[in-house]
2 protein chains.
Amino acid sequence: MNNFTFWSPTKFVFGRDTESLTGDLVKQFGGKKALIVYGGGSVVRSGLLDRVKKSLDDAGVAWEEMGGICPNPTDDRVYEGIGLVRAHGIDFLLAVGGGSVIDTAKGIACGVPYEGDFWDFYCGKKVVATAMPVGVVLTIPAAGSEGSGNSVITKKDGLIKLSLRTESALRPRFAVMNPELTFTLPPYQTACGIVDMMAHIFERYFSNTPGCETTDRVAEGLLTAIMGEARKVIDSPLDYEARANIMWSSTLAHNGLCGTGRVEDWASHFIEHELSAIYDVAHGAGLAVVNPAWMTYVVRTNPSKVAQFAVRVMGVVPGEKSEREIAVEGIARLKSFYRSIGMPVTLGELGIAEPDIDRLVAKLHEHKGNPIGGYVKLTPADTEQIYKLML
Amino acid sequence: MNNFTFWSPTKFVFGRDTESLTGDLVKQFGGKKALIVYGGGSVVRSGLLDRVKKSLDDAGVAWEEMGGICPNPTDDRVYEGIGLVRAHGIDFLLAVGGGSVIDTAKGIACGVPYEGDFWDFYCGKKVVATAMPVGVVLTIPAAGSEGSGNSVITKKDGLIKLSLRTESALRPRFAVMNPELTFTLPPYQTACGIVDMMAHIFERYFSNTPGCETTDRVAEGLLTAIMGEARKVIDSPLDYEARANIMWSSTLAHNGLCGTGRVEDWASHFIEHELSAIYDVAHGAGLAVVNPAWMTYVVRTNPSKVAQFAVRVMGVVPGEKSEREIAVEGIARLKSFYRSIGMPVTLGELGIAEPDIDRLVAKLHEHKGNPIGGYVKLTPADTEQIYKLML
């Protein structure tokens, strides 16, 4: 086990009707005037936005708003938000939505107190020293951004999708999490979220750092819970308990807990980021295609952890099989699971009939360097093979 | 799943040599003059106390000290600490040790800003509104106090052992956790810690609240990790990885994670507190006797969750067995495990040859009310039976 710092100071307020506490929470964390950042029409149609505004009004917190944040959020909205905050004397960012909305709010949060271009943080030129406080009312369990110090933004010019990681500066002060708000999520989007949270665990679980049994067992427990509850939410979208377990798992998958003490991987996320930046596919659906392909490739040289996953999570009985055979059986079961919740497992199923693999590989290593990954180091020759395994 | 708030803002700094960061951490959290609270000679003999003092000196943090805190810590030392803090202009409490030391520091932390008697908080007369900041350098993985908002203090007059729970006021600002500091823990004390952390999970796991699959799986994962690593640390006290996994599990067992979304129990802890208050036995050893007796009693009326534990953690194969038979087999395996790490499972083995069960039952319900517990409500008639099951 490696030395680590685990610092997840976010106050998670979880359960039915908790959005009514939003105003008090903003006040508790020092907010006097909030910028409400939100996405499409569902937050408006469902009445959630009005309930949040009422809660702010009741608590005596003033607010402005910025709606229309899209999936794979882009830098232009961050610049717009920074301008709004500076123009209106705003001291708190309230994200009402999922990962795209939260990540946009985080971009604004680090951009406002910085004199230069906020993109400097995302492309690694500068380290975030200070940021505005962010609060969250979560509507989509997937990205885990409500409990992480991370943010992913796409630069429109050149379609560069980059992620920023901070230890604590961008961790939300609070996250309001009402599972009922996810009842209306369509099955496809629900499944995308499930794949995404599982991938957040995979990126931390597939590691060569020895001696991380505690972290492994927690990760395996979460994966097992997610897969069991996933079937329930797909079959019964109004199952409160199942929605609640999925929502809470999503946070624990990405607040750092599953990475404690070890080198993480993140190659699959990087490989997927190119897919969604170039072809604008849903991140979760992209990951359903990438994860099994990545696993299939890495077990050729390093099967051990994939085999452990196969046995402990996917229920593969080892018997007389080799580690690699066990791993391969686990991957097949994972693909079946993804298919069973309506997810694609090939680029064709993802709607990318003729992928430009040369461009994907070139952009991937241009953005992320060479090699990428931790569990197996991947050069362009490797990632080309992985993209081909998705065909 | 019930509504819940999970707020674990402590910064955990984990790994080799991390005690050298103590001074910087005290400074990061605003401390200018610390009271170092510690226990017996091992902290002194090992040189840890000197290293911590040097770290404070290097960071420009002034300090005073108060040593000699004993297991089952008592109110007199809390009053002494409150006096020291007030006399010396101290603004930060630094606990260097295990649960007894941390809990004493927490007692001081809530007592200093309060005009009345700090005991008011422990006996439930007052709610902690504000407290001094506490930091921890952990040397014994057991109590989980480094990540909890709780504290247990025994009033010398009458041997009343009471626990105080706060949502966040008494959560340490940081916890420095170097597994190497636990290399010299004797096997008995190591085993006591292991039983204690498992019990912290049991108190949260044995619950009738439905729909907590995520929390269940995390709890089961931690229990599995602890039991596997426990054998290693007992056999090889210098096994860094095993010590590290035990130490980290101990924190996660008690920072609230395993209780998210459900009614907790805590009857076993209350039942044990009377044993250690009256007979001054080690808390963990007492729990090794109490936990199986409690389980044996509750499965008579409510076997389901004990059966789940038996299957998922203790490896019982259900076959054609009834839930109760499965549960009973799981309890037998748990007892074997406790015995295998040198723990007692009867009051006789604990060194209490002639327990005064009437007095234990009377004191228990005098302190904790009637009934106690959540998974099964226990009246004095029930707890008498449980104490008898320990004979």
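This text follows the structure it describes.
Conventions we followed
- Residues numbered from 1 in each chain as written.
- Chains lettered and ligands numbered in written order.
- Predicted model: local features only at pLDDT ≥ 70, side-chain atom pairs only at ≥ 80, totals over all residues.
- Heavy atoms only, no water.
- Contact = heavy atoms within 4.5 Å.
- Buried area = accessible area lost by both parts, 1.4 Å probe.
- Salt bridge = Lys/Arg side-chain N within 4 Å of Asp/Glu carboxyl O.
- Polar contact = N/O pair within 3.5 Å; in protein donor to acceptor, adjacent residues only side chain to side chain.
- Helix = DSSP H or I, 4+ residues; strand = E, 2+ residues; numbered from the N terminus.
- Axes fitted to C-alpha atoms, helices over the stretch in contact; angles between N-to-C directions.
- Parallel < 35°, antiparallel > 145°, perpendicular 65-115°, else oblique.
- Left-handed = near helix turned anticlockwise from the far one by under 90°.
- Nonpolar A, V, L, I, M, F, W, Y, C, P; charged D, E, K, R; others polar.
- Pairing = 2+ DSSP bridges.
- Least-squares fit on C-alpha atoms with pLDDT ≥ 70 in both.

## As for the interface of chain B and chain A
Taken together, the contact pairs 41 residues of chain B with 41 residues of chain A. Summed over both partners, the interface of chain B with chain A comes to about 3300 Å²; 59% of that surface belongs to carbon and sulfur atoms. The largest share of the area that chain B buries against chain A comes from M1(B), T214(B) and W248(B), three residues that together contribute 18% of it. In this assembly, chain B and chain A are joined by 2 salt bridges. Ionic pairing is found between K11(B) and E167(A), a salt bridge with its closest N-O pair at 3.7 Å. The interface formed by chain B and chain A includes 20 residue pairs in polar contact (both at pLDDT 80 or more). Among the elements of the structure, strand 1 (4–7), strand 2 (11–14), helix 8 (213–235) and helix 9 (240–252) of chain B are those that each provide at least two residues to the side of chain B that touches chain A.

## Concerning the packing of helix 10 (residues 267–279) of chain A against helix 15 (residues 380–389) of chain A
Residues and elements named next belong to chain A. Interaxial distance between helix 10 and helix 15 falls to 11 Å at its minimum, and their mutual angle equals 60°. As judged from the angle between their axes, helix 10 and helix 15 are oblique. Crossing hand, helix 10 versus helix 15: right-handed. Contacts between helix 10 and helix 15 involve I271, E274 and L275 from the former and T383, I386 and Y387 from the latter. Of the residues in the contact of helix 10 with helix 15, the class split is 4 nonpolar, 1 polar and 1 charged.

## Points about the sheet that holds strand 4 (residues 62–66) of chain B
Taken in spatial order, the 7 strands of this open sheet run 1(A)-2(B)-9(B)-6(B)-5(B)-3(B)-4(B), and their pairing is mixed. In this open sheet, the two strands that pair with only one neighbour each are strand 1 (4–7) of chain A together with strand 4 of chain B. Between one strand axis and the next, the sheet turns through 15° on average, direction left out of account. Two strands pair when backbone bridges link them, and strand 3 (residues 33–38) of chain B and strand 4 of chain B are joined in this way by 5 bridges, in the parallel orientation. If you follow V37(B) over to strand 4 of chain B, its bridge partner there is M66(B). Across the sheet, helix 3 (residues 48–58) of chain B lies against strand 3, strand 4, strand 5 (92–97) and strand 6 (134–138) of chain B, angled at about 155° from strand 4 of chain B, the strand it touches most. Along the sheet, helix 4 (residues 75–88) of chain B contacts strand 3, strand 4 and strand 5 of chain B; its crossing angle with strand 4 of chain B, the most-contacted strand, is approximately 155°.

## Some thoughts on the relation of the copies chain B and chain A
Both copies of the chain are related through a single rotation about an axis accompanied by a shift along the same axis. By a simple turn and slide, chain B fits onto chain A: the slide is 0.0 Å along the axis, the RMSD is 0.0 Å, and the turn is 180°. With respect to symmetry, the two chain copies, as superposed, fit the operation of a two-fold axis. Judged by C-alpha distance, P9(B) is the residue of chain B that lies nearest the rotation axis, at 1.8 Å. When the interface residues of chain B are mapped onto chain A, 100% of them again lie at the interface, so the same face is used by both copies.

That is the geometry; function is a separate question.
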